[in-house]
Structure formats: structure tokens, C-alpha cells
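Understanding the architecture of this molecule
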Amino acid sequence: MLLNTVVIILMCSGLVLFLATTVGLLRFPDFYSRVHAAGKGDTLSTALLLAGLILYMLRDFNGETLLTAVKLSLIVFFVFIASPTATHAIIDAGYEARVPYWSKTGEKTDAEHSIPDESVEHRENR
Amino acid sequence: MKQLTFIILIVCALLMLKAAADLPDWADPASPASTHLSPDFLEQGYVETATPNIVTVVLADYRSYDTMFEAVVVFAAALIVMVILRHTPRKRGKTILYRPKREGRDTILQGAAQLIIPVMQIFALYVVGHGHYSPGGGFQGGVIFGASFILIALCFNLRFAIQRFREQGVLVCVAGGVLLYAAIGAICQVMGYNFLGYTGLASILGASDVMARSYGILAVEVGVGITVMSVMVSLYYDLASSGDLDEGL
């Protein structure tokens, strides 16, 4: 009973976060904040949903359910590593390609670059 | 010329449609394939090859010619991309490349890659080896293994990946996988059976006829896996650097 309650709370919070992710992905104003919403919400809500599933699997504890639970927790582990890394890589690529920032005044400002101009190399006909 | 092509295409399409009218209906239980082939595969597959996964049995045993030439098609794709893109010293490209220099800003990517890539490679070997029992096999495992090398090239840089898996090695693997497949078939033929009739491996491996077919399937899957893996790496090397194999994305 208690276990079921915990599982329901975990899954529901995961679903709410997924909803928040989707809303953020669709409604945020610019590239950076959209990717940030997708990356953060996706990771945590996947982890919460799978944590709920793991607990539910382990309600009758034996070798078979333990194996399934270990597999699920491996998924959590790799999503936890891969998803934020992918988000980081996408945002870094956008920063490098000078995707403009959003600002409250409405005009889109260029990304202020700490990377000097020469770092981007256009090469022709080596 | 263009109209001629168009006319030929229309004639071919009409011929195809005419022929398709004679085919048995979709999923017709009375069609020859459903009355003879499928029941035979399902009933005899495990008895004849000791491999529970019927898909693998059909792919790598009953229809192994088909699979061999699929591997050859993949091989040819890698060669063609190489012929089109790869620069030789005499033929320099005129492509303009957008090449960000990003040394020293990849710590996060590299750390994650170091955690994930070994697991990916072991999982790829598992997928190849477990194709007898579960979905998987040479094509899927090869793709996962190739993706791990592409991940190295993405998270570090192309030069780093090429140092570890050089072009010559990639090409040897591209050809070697297909050759391994064909060699298995040739060994069977030398032993007096049909080309790719894995029963011929029985006396070499010292196993029963049934187990020999299981081992033959595994060897063939490994060949396919090697080819697919190295073809993916080869395509990535050529496309990412547009043929320079020097530095890329």
C-alpha cells in the first residue's frame, strides 16, 4: 500500500515534469532556453518514471524482478549521463554558430562571444 | 532523352502492375509461401539449426546468399563514397569547410564519452553474439559498434579517432568481413557441401551437424558485423572531413 503510493507519486511527478518539458520546449522564446527545458525536464522525468517502475518491479522480490530492476537502473544511469551531455553539446554548437539570444526588449541580440573571431576558420582549397 | 526515360519507366511500371495482379493476396493463408515455406521454417528451424530465433535462422542460414550480398552492397556503398569523396594527392577538393576550432572545450563530452563508449562496445558484442536468442545479430551489433567510433570522433576530434582506427585498418575490416562470410561458404564447399551449407563445418569443428549450423550462423554474423561496423566508420571519416581525413567536425 505504502509502496503503491510512493510509486504513484514518483510516476505522477515524472509525468508532470514531462508536461513541463513539452510546454517549455514549445513556449520558451529562443533556442537556448528551449534546449535547456528539454534537457533538464527530460532527464529528471525519465529518471522519476523509471524509479517508479523499478520500485513497482521490486514489490515481489526475487531474482527475476531484481534483474529487470538492474536493467532499468542501467537505463536511468545512461540517460542521466547522455541526455545532459547531448544538451550541452547542442547548446555549445548553437553558441559557436552565434545563435542570437532572446532579450526582454524584443530585439534579438547576438551572442556575445568570448571566443575570438579567428577561432572559426573558413578554409578553401588547402 | 528525358521523354524516352519517362516512357521506359511507365512501360516498366505497367509490366510490374500487370505481374503484381497475379501474385497471391497479402497475407493469404493459401499462398505457397504460407502453406510450404513458413510452416517448414517455424517447425524445422530449431530442429535443424539449434537456434531459437527463427529470424536469425532464415536470415543467416536458409537465405544466407541474400545476406551475403546485402553485406556486399554495404561494402560497395563504402567504396563508392570513398571514390567520390576521398582526396588523393593529385585530386584536391574545392570544398569550403566550416571548421570550428574547439580544443580544450570538450571536457564534458570527453568525460561522458569515456563512460559510455566501453559499455556501448561491449553491448555491441553482446548484440552480435546474442542474435541466436533475441533480436540482434551482425547488422545491429555492427551499427552499435560503428556508432561508438563515431562518438569518439565527435567527442574528441576526427584526428584522435583516426589515430586509433586508421583508414587502412578500416578498409581491411570492410573487406575482411565480407571475405570472412565468403570464406565460410567456400570452406563448406571444399568439404563437399553446398556453398554456405554449414553442415560442412561439422567435421572441422568436431560438432554435430545441427550445432555446426549454429556455429556457422554465428561466424557469418560476425563477418557481417565487422563489415557494417567499419563501413559506418569509413563513411563517417569521408563525409565528416569531405575526403581530407585530416580534421573534421
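Owing to the predicted nature of the structure, the values given are computational and were not obtained by experimental measurement.

Some points on the overall build of chain B
Along its length, chain B carries ten helices and one strand. Taken from N to C terminus, the helices and strands of chain B fall in the order α-α-α-α-β-α-α-α-α-α-α. Relative to the globule expectation of 18 Å for 249 residues, the C-alpha radius of gyration of chain B, 23 Å, shows a markedly less compact shape. Taking the principal axes of the C-alpha coordinates as reference, chain B spans close to 65 × 60 × 35 Å. Here the contacts in chain B between residues at least 6 apart in sequence split such that 69% fall between residues at least 24 apart.

Thoughts on the packing of helix 8 (residues 167–190) of chain B against helix 10 (residues 209–240) of chain B
Two numbers describe a pair of packed helices, the interaxial angle and the distance between the axes. Residues and elements named next belong to chain B. Relative orientation of the contacting elements helix 8 and helix 10 amounts to 155°, with a least axis distance of 8 Å. Relative to helix 10, the element helix 8 lies roughly antiparallel. The element helix 8 and its partner helix 10 pack so that their crossing is left-handed. Counted by class, the contact of helix 8 with helix 10 contains 17 nonpolar, seven polar and one charged residues.

Points about the nonpolar core
Ranked by size, the top nonpolar core spans 46 residues in total, and within it B:Ala71, B:Phe75, B:Tyr181, B:Val228, B:Val231 and B:Val233 carry the most contacts. Elements with a minimum of two residues in this core: helix 3 (54–62), helix 4 (64–85), helix 5 (107–129), helix 6 (138–155), helix 7 (158–164), helix 8 and helix 10 of chain B. The element contributing the most residues to this core is helix 10 of chain B, with 14 residues. Those residues in contact with B:Val233 that sit more than four places away from it in its chain are B:Gly146, B:Phe149, B:Ile150, B:Phe165 and B:Val170. Listed in part, the eight residues of the second largest apolar core include A:Leu10, A:Ala47, A:Leu48 and A:Ile54.

Focus: helix 4 of chain B
Residues and elements named next belong to chain B. Counted at 1.5 Å a residue, the expected span for helix 4 with its 22 residues is 32 Å, and the 32 Å between its end C-alpha atoms agrees. Listed in full, the buried residues belonging to helix 4 are Ser-64, Thr-67, Met-68, Ala-71, Val-74, Phe-75 and Ala-78. An end-on view of helix 4 places all buried positions within 120° of arc, on one side of the element. For helix 4, the exposed residues set more than 90 degrees away from the buried face come down to Tyr-65, Asp-66, Val-73, Ile-80, Val-83 and Ile-84. The elements touched by buried residues of helix 4 are helix 3, helix 8 and helix 10.

Thoughts on helix 6 of chain B
Since the α-helix packs 3.6 residues into each turn, any two residues three or four apart lie on the same face. Residues and elements named next belong to chain B. The end-to-end C-alpha distance of helix 6 is 26 Å, a good match for the 26 Å that 18 residues give at a rise of 1.5 Å each. Those residues of helix 6 that sit buried are Gly-138, Phe-139, Gly-141, Gly-142, Ile-144, Phe-145, Gly-146, Ser-148, Phe-149, Ile-152, Ala-153 and Cys-155. Where helix 6 is buried, its residues contact helix 5, helix 7 and helix 10.

What counts, and where the lines are drawn
- Residues numbered from 1 in each chain as written.
- Chains lettered and ligands numbered in written order.
- Predicted model: local features only at pLDDT ≥ 70, side-chain atom pairs only at ≥ 80, totals over all residues.
- Helix = DSSP H or I, 4+ residues; strand = E, 2+ residues; numbered from the N terminus.
- Rg over C-alpha atoms; globule rule 2.2 N^0.38 Å.
- Contact = placed C-beta atoms within 7 Å.
- Axes fitted to C-alpha atoms, helices over the stretch in contact; angles between N-to-C directions.
- Parallel < 35°, antiparallel > 145°, perpendicular 65-115°, else oblique.
- Left-handed = near helix turned anticlockwise from the far one by under 90°.
- Nonpolar A, V, L, I, M, F, W, Y, C, P; charged D, E, K, R; others polar.
- Core = buried A, V, L, I, M, F, W, Y, C linked by C-beta atoms within 7 Å.
- Buried ≥ 20, exposed ≤ 12 C-beta atoms within 10 Å, placed from the backbone.
- Expected span 1.5 Å × (residues − 1).
- Arc of directions from axis to C-beta.

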